[in-house]
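Listed below are the residues making up each chain.
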Amino acid sequence: AGADDFLTKPFSVVQLRARVKVALRLKDAQDRGDVLNRELLTVNAELEQALEARDGELLRARNGLVLALAKLVEHRSAESSRHLVRLQRYCRALAEAAAALPAYAGHIDANFIRVLEDAAPLHDIGKAALPDHILNKPGPLDSGERVLMQAHTTIGADTLREVARQHPFATGFLHVAIDIARCHHERWDGSGYPDRLAGGDIPLVARLVAFADVYDALRCRRIYKPGLSHHTAVLTITEGSAGQFDPGLLQVFAQVAPQFDRIFREFGD
(Lines give C-alpha, C1' and ligand atoms only; values in the text may rest on other atoms or scores of the structure.)
Protein backbone atom coordinates (compact mmCIF):
# COMPACT_ATOMS: atom_id res chain seq x y z
CA ALA A 1 0.00 0.00 0.00
CA GLY A 2 3.04 2.26 -0.03
CA ALA A 3 3.84 2.29 3.71
CA ASP A 4 7.46 3.05 4.59
CA ASP A 5 7.32 2.08 8.28
CA PHE A 6 4.92 0.84 10.93
CA LEU A 7 4.41 0.85 14.70
CA THR A 8 3.16 -2.08 16.72
CA LYS A 9 0.35 -1.24 19.13
CA PRO A 10 0.48 -0.17 21.85
CA PHE A 11 3.04 2.52 21.06
CA SER A 12 4.10 5.70 22.83
CA VAL A 13 3.98 9.26 21.57
CA VAL A 14 7.77 9.30 21.82
CA GLN A 15 7.98 6.35 19.44
CA LEU A 16 5.51 7.96 17.07
CA ARG A 17 7.38 11.26 16.98
CA ALA A 18 10.71 9.52 16.47
CA ARG A 19 9.41 7.44 13.55
CA VAL A 20 7.76 10.47 11.93
CA LYS A 21 11.00 12.47 12.23
CA VAL A 22 12.90 9.63 10.56
CA ALA A 23 10.32 9.46 7.76
CA LEU A 24 10.53 13.23 7.22
CA ARG A 25 14.32 13.14 7.09
CA LEU A 26 14.17 10.29 4.58
CA LYS A 27 11.67 12.20 2.42
CA ASP A 28 13.87 15.30 2.53
CA ALA A 29 16.90 13.24 1.50
CA GLN A 30 14.93 11.65 -1.33
CA ASP A 31 13.78 15.06 -2.58
CA ARG A 32 17.34 16.37 -2.55
CA GLY A 33 18.46 13.23 -4.33
CA ASP A 34 15.80 13.72 -7.02
CA VAL A 35 16.93 17.28 -7.64
CA LEU A 36 20.57 16.23 -7.77
CA ASN A 37 19.77 13.36 -10.10
CA ARG A 38 17.95 15.66 -12.52
CA GLU A 39 20.89 18.05 -12.51
CA LEU A 40 23.30 15.18 -13.09
CA LEU A 41 21.20 13.88 -15.96
CA THR A 42 21.18 17.31 -17.58
CA VAL A 43 24.95 17.70 -17.26
CA ASN A 44 25.49 14.12 -18.40
CA ALA A 45 23.31 14.66 -21.47
CA GLU A 46 25.33 17.74 -22.42
CA LEU A 47 28.62 15.90 -21.93
CA GLU A 48 27.44 12.87 -23.87
CA GLN A 49 26.32 15.08 -26.76
CA ALA A 50 29.66 16.86 -26.79
CA LEU A 51 31.49 13.55 -26.68
CA GLU A 52 29.44 12.14 -29.53
CA ALA A 53 30.05 15.19 -31.70
CA ARG A 54 33.79 15.07 -31.05
CA ASP A 55 34.41 11.37 -30.72
CA GLY A 56 31.69 9.57 -32.67
CA GLU A 57 34.12 6.91 -33.79
CA LEU A 58 35.07 6.21 -30.18
CA LEU A 59 31.42 5.76 -29.25
CA ARG A 60 30.87 3.32 -32.08
CA ALA A 61 33.93 1.38 -31.01
CA ARG A 62 32.66 1.33 -27.43
CA ASN A 63 29.27 0.03 -28.48
CA GLY A 64 30.90 -2.67 -30.58
CA LEU A 65 32.99 -3.78 -27.60
CA VAL A 66 29.91 -3.78 -25.36
CA LEU A 67 28.10 -6.09 -27.75
CA ALA A 68 31.14 -8.34 -28.09
CA LEU A 69 31.53 -8.61 -24.32
CA ALA A 70 27.84 -9.28 -23.80
CA LYS A 71 27.88 -11.95 -26.50
CA LEU A 72 30.53 -13.87 -24.57
CA VAL A 73 28.06 -14.19 -21.70
CA GLU A 74 25.29 -15.00 -24.16
CA HIS A 75 27.22 -17.94 -25.59
CA ARG A 76 27.90 -19.37 -22.13
CA SER A 77 24.25 -19.22 -21.10
CA ALA A 78 22.94 -20.68 -24.36
CA GLU A 79 20.91 -17.54 -25.09
CA SER A 80 19.60 -17.12 -28.62
CA SER A 81 22.24 -15.59 -30.86
CA ARG A 82 20.28 -12.40 -31.71
CA HIS A 83 18.80 -11.82 -28.26
CA LEU A 84 20.94 -8.74 -27.63
CA VAL A 85 19.97 -7.05 -30.90
CA ARG A 86 16.29 -7.67 -30.19
CA LEU A 87 16.70 -6.35 -26.64
CA GLN A 88 18.08 -3.07 -27.96
CA ARG A 89 15.25 -2.69 -30.47
CA TYR A 90 12.58 -3.46 -27.84
CA CYS A 91 14.04 -0.86 -25.47
CA ARG A 92 14.08 1.82 -28.16
CA ALA A 93 10.50 1.11 -29.25
CA LEU A 94 9.17 1.20 -25.67
CA ALA A 95 11.16 4.28 -24.65
CA GLU A 96 10.17 6.26 -27.74
CA ALA A 97 6.49 5.55 -27.08
CA ALA A 98 6.83 6.36 -23.36
CA ALA A 99 8.48 9.70 -24.18
CA ALA A 100 5.16 10.87 -25.63
CA LEU A 101 3.45 10.60 -22.24
CA PRO A 102 3.64 13.46 -19.70
CA ALA A 103 4.70 11.08 -16.91
CA TYR A 104 7.90 10.19 -18.77
CA ALA A 105 8.46 13.10 -21.16
CA GLY A 106 10.63 14.94 -18.64
CA HIS A 107 12.90 11.94 -18.21
CA ILE A 108 13.21 10.49 -21.71
CA ASP A 109 14.91 12.33 -24.55
CA ALA A 110 16.97 11.29 -27.56
CA ASN A 111 20.16 10.98 -25.51
CA PHE A 112 18.40 8.88 -22.86
CA ILE A 113 17.12 6.49 -25.52
CA ARG A 114 20.49 6.20 -27.23
CA VAL A 115 22.38 5.44 -24.00
CA LEU A 116 19.65 3.00 -22.90
CA GLU A 117 19.93 1.16 -26.21
CA ASP A 118 23.74 1.06 -26.00
CA ALA A 119 23.87 -0.09 -22.36
CA ALA A 120 21.03 -2.65 -22.43
CA PRO A 121 23.25 -5.54 -23.65
CA LEU A 122 25.17 -5.34 -20.37
CA HIS A 123 22.10 -6.25 -18.29
CA ASP A 124 23.31 -9.82 -17.63
CA ILE A 125 27.05 -9.19 -17.67
CA GLY A 126 27.29 -10.56 -14.11
CA LYS A 127 26.37 -14.02 -15.38
CA ALA A 128 29.95 -14.31 -16.60
CA ALA A 129 30.89 -15.10 -12.99
CA LEU A 130 28.34 -17.89 -12.55
CA PRO A 131 29.21 -21.59 -12.97
CA ASP A 132 27.93 -23.42 -16.06
CA HIS A 133 25.88 -25.94 -14.06
CA ILE A 134 23.70 -23.08 -12.79
CA LEU A 135 23.55 -21.07 -16.01
CA ASN A 136 22.46 -24.06 -18.10
CA LYS A 137 20.63 -26.25 -15.61
CA PRO A 138 17.71 -27.90 -17.46
CA GLY A 139 15.45 -28.08 -14.41
CA PRO A 140 14.36 -25.62 -11.70
CA LEU A 141 17.03 -24.16 -9.43
CA ASP A 142 17.07 -25.04 -5.75
CA SER A 143 17.15 -22.31 -3.10
CA GLY A 144 20.94 -22.13 -2.95
CA GLU A 145 21.26 -22.04 -6.72
CA ARG A 146 18.66 -19.27 -6.93
CA VAL A 147 20.70 -17.15 -4.54
CA LEU A 148 23.74 -17.59 -6.76
CA MET A 149 21.76 -16.86 -9.91
CA GLN A 150 20.29 -13.70 -8.39
CA ALA A 151 23.81 -12.56 -7.49
CA HIS A 152 24.48 -11.87 -11.18
CA THR A 153 22.78 -8.49 -10.67
CA THR A 154 25.14 -7.31 -7.93
CA ILE A 155 28.21 -8.90 -9.53
CA GLY A 156 27.53 -7.13 -12.81
CA ALA A 157 26.83 -3.77 -11.14
CA ASP A 158 29.91 -4.01 -8.91
CA THR A 159 32.10 -4.88 -11.88
CA LEU A 160 30.82 -1.94 -13.90
CA ARG A 161 31.16 0.36 -10.88
CA GLU A 162 34.81 -0.56 -10.57
CA VAL A 163 35.31 0.23 -14.25
CA ALA A 164 33.60 3.59 -13.72
CA ARG A 165 35.90 4.32 -10.78
CA GLN A 166 38.97 3.67 -12.89
CA HIS A 167 37.65 5.45 -16.00
CA PRO A 168 35.63 8.47 -14.82
CA PHE A 169 35.35 9.90 -18.34
CA ALA A 170 32.78 7.18 -19.13
CA THR A 171 30.66 7.52 -15.99
CA GLY A 172 27.54 8.73 -17.85
CA PHE A 173 27.23 5.59 -19.90
CA LEU A 174 28.42 3.32 -17.08
CA HIS A 175 25.97 4.85 -14.59
CA VAL A 176 23.11 3.75 -16.85
CA ALA A 177 24.69 0.31 -17.35
CA ILE A 178 25.10 -0.11 -13.56
CA ASP A 179 21.43 0.75 -12.95
CA ILE A 180 20.34 -1.73 -15.61
CA ALA A 181 22.60 -4.55 -14.42
CA ARG A 182 21.60 -4.21 -10.77
CA CYS A 183 17.92 -3.36 -11.02
CA HIS A 184 16.40 -5.10 -14.06
CA HIS A 185 14.96 -7.86 -11.82
CA GLU A 186 13.37 -5.47 -9.32
CA ARG A 187 9.56 -5.48 -9.26
CA TRP A 188 7.16 -2.56 -9.01
CA ASP A 189 5.60 -4.05 -5.87
CA GLY A 190 8.97 -4.36 -4.10
CA SER A 191 9.25 -8.14 -4.22
CA GLY A 192 12.12 -8.29 -6.71
CA TYR A 193 15.86 -8.53 -6.16
CA PRO A 194 18.54 -7.70 -5.14
CA ASP A 195 17.42 -4.59 -3.21
CA ARG A 196 13.62 -5.03 -3.10
CA LEU A 197 13.16 -1.57 -4.60
CA ALA A 198 9.59 -0.53 -5.34
CA GLY A 199 7.80 1.90 -7.63
CA GLY A 200 9.70 4.95 -8.76
CA ASP A 201 12.76 3.97 -6.71
CA ILE A 202 13.58 1.52 -9.50
CA PRO A 203 15.64 3.35 -12.13
CA LEU A 204 13.58 4.05 -15.25
CA VAL A 205 16.18 2.42 -17.49
CA ALA A 206 15.84 -0.82 -15.52
CA ARG A 207 12.04 -0.69 -15.68
CA LEU A 208 12.24 -0.38 -19.47
CA VAL A 209 14.78 -3.19 -19.87
CA ALA A 210 12.61 -5.46 -17.70
CA PHE A 211 9.85 -5.46 -20.33
CA ALA A 212 12.28 -6.24 -23.14
CA ASP A 213 14.07 -8.98 -21.20
CA VAL A 214 10.89 -10.73 -20.03
CA TYR A 215 9.16 -10.52 -23.41
CA ASP A 216 12.12 -12.05 -25.23
CA ALA A 217 12.55 -14.75 -22.57
CA LEU A 218 8.89 -15.71 -22.96
CA ARG A 219 9.11 -15.89 -26.75
CA CYS A 220 12.34 -17.91 -26.90
CA ARG A 221 12.64 -21.65 -26.53
CA ARG A 222 14.92 -22.83 -23.74
CA ILE A 223 16.18 -26.26 -22.74
CA TYR A 224 13.63 -26.20 -19.92
CA LYS A 225 10.62 -24.64 -21.74
CA PRO A 226 9.06 -24.04 -25.16
CA GLY A 227 8.75 -20.57 -26.66
CA LEU A 228 5.39 -18.81 -26.33
CA SER A 229 3.40 -17.09 -29.05
CA HIS A 230 3.33 -13.30 -29.19
CA HIS A 231 -0.27 -13.22 -27.98
CA THR A 232 0.46 -15.46 -24.99
CA ALA A 233 3.61 -13.52 -24.09
CA VAL A 234 1.72 -10.22 -24.13
CA LEU A 235 -1.08 -11.66 -21.97
CA THR A 236 1.47 -13.04 -19.53
CA ILE A 237 3.04 -9.59 -19.10
CA THR A 238 -0.15 -7.51 -19.09
CA GLU A 239 -2.47 -9.81 -17.13
CA GLY A 240 -0.39 -12.56 -15.55
CA SER A 241 2.37 -10.59 -13.85
CA ALA A 242 0.57 -8.55 -11.21
CA GLY A 243 2.90 -6.20 -9.37
CA GLN A 244 5.92 -6.86 -11.56
CA PHE A 245 5.95 -3.93 -13.98
CA ASP A 246 5.55 -0.16 -13.91
CA PRO A 247 1.77 0.32 -14.51
CA GLY A 248 2.34 3.35 -16.74
CA LEU A 249 4.85 1.51 -18.89
CA LEU A 250 2.52 -1.48 -18.95
CA GLN A 251 0.01 0.61 -20.87
CA VAL A 252 2.73 1.77 -23.25
CA PHE A 253 3.86 -1.82 -23.75
CA ALA A 254 0.33 -2.87 -24.69
CA GLN A 255 0.32 -0.16 -27.37
CA VAL A 256 3.70 -1.04 -28.88
CA ALA A 257 3.41 -4.82 -28.48
CA PRO A 258 2.94 -5.30 -32.26
CA GLN A 259 6.34 -3.66 -32.74
CA PHE A 260 7.85 -6.17 -30.33
CA ASP A 261 6.43 -9.00 -32.43
CA ARG A 262 7.86 -7.49 -35.63
CA ILE A 263 11.26 -7.11 -34.00
CA PHE A 264 11.20 -10.72 -32.80
CA ARG A 265 10.36 -11.93 -36.29
CA GLU A 266 12.82 -9.67 -38.07
CA PHE A 267 15.73 -10.54 -35.78
CA GLY A 268 14.70 -14.10 -35.03
CA ASP A 269 17.19 -16.99 -34.88
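Each remark here, short or long, concerns the structure printed above.
Thresholds, definitions, all that
- Residues numbered from 1 in each chain as written.
- Predicted model: local features only at pLDDT ≥ 70, side-chain atom pairs only at ≥ 80, totals over all residues.
- Heavy atoms only, no water.
- 1 Å grid on protein atoms, 1.4 Å probe; cavity = no way out; pocket = protein on both sides within 12 Å on 5 of 7 lines; lining within 4 Å.
- Points joined across faces, edges and corners; volume = space filled by probe spheres on them.
- Helix = DSSP H or I, 4+ residues; strand = E, 2+ residues; numbered from the N terminus.
- Nonpolar A, V, L, I, M, F, W, Y, C, P; charged D, E, K, R; others polar.
- Contact = heavy atoms within 4.5 Å.

Draft legend 1. Main features of empty space enclosed by the protein. One pass over the full model with this rule turns up 2 cavities of 30 Å³ or more. Approximately 70 Å³ is the volume found for the second largest cavity. In this structure, the second largest cavity is lined by Cys-183, Glu-186, Arg-187, Trp-188, Ile-202, Ala-206, Arg-207, Ala-210, Phe-211, Gln-244, Phe-245 and Asp-246. Here the element with the most residues in the lining of the second largest cavity is helix H10 (residues 204-219); it accounts for 4 residues. Among the residues forming the lining of the second largest cavity, the class breakdown is 7 nonpolar, 1 polar and 4 charged.

Draft legend 2. Summary view of the environment of Gly-199. Secondary-structure assignment places Gly-199 in the loop between helix H9 (171-183) and H10. In this structure the C-alpha to C-alpha distance between Gly-199 and Arg-187, which are 12 residues apart in sequence, comes to 7.8 Å. In contact with Gly-199, not counting residues within four places along its chain, are Trp-188 and Arg-207.

Draft legend 3. Representation of unusual backbone geometry. Between Lys-9 and Pro-10 the backbone carries a cis peptide bond, its omega angle lying at -5 degrees. With respect to the helices, strands and loops of the structure, Pro-10 is situated in the segment before helix H1 (13-54). Each neighbour pair has its own omega, and for Tyr-193 with Pro-194 the value is 10 degrees, a cis peptide bond. Secondary-structure assignment places Pro-194 in the loop between H9 and H10. Positioned with a positive phi, Arg-196 is a non-glycine residue whose angle comes to about 55 degrees. Within the secondary structure layout, Arg-196 lies in the loop between H9 and H10.

Draft legend 4. Spatial organisation of the layout of surface pockets. The computed volume of the largest pocket comes to approximately 1500 Å³. If you trace the largest pocket, you find 49 residues lining it, with Asn-37, Arg-38, Leu-41, His-175 and Asp-179 closest to the centre. Of all elements in the fold, only H1, helix H4 (102-105), helix H5 (110-119), helix H8 (152-166), H9 and H10 reach the threshold of two or more residues within the lining of the largest pocket. By residue number, the principal contributor to the lining of the largest pocket is H1, which donates 19 residues. For the lining of the largest pocket, the class distribution of residues is 26 nonpolar, 12 polar and 11 charged.

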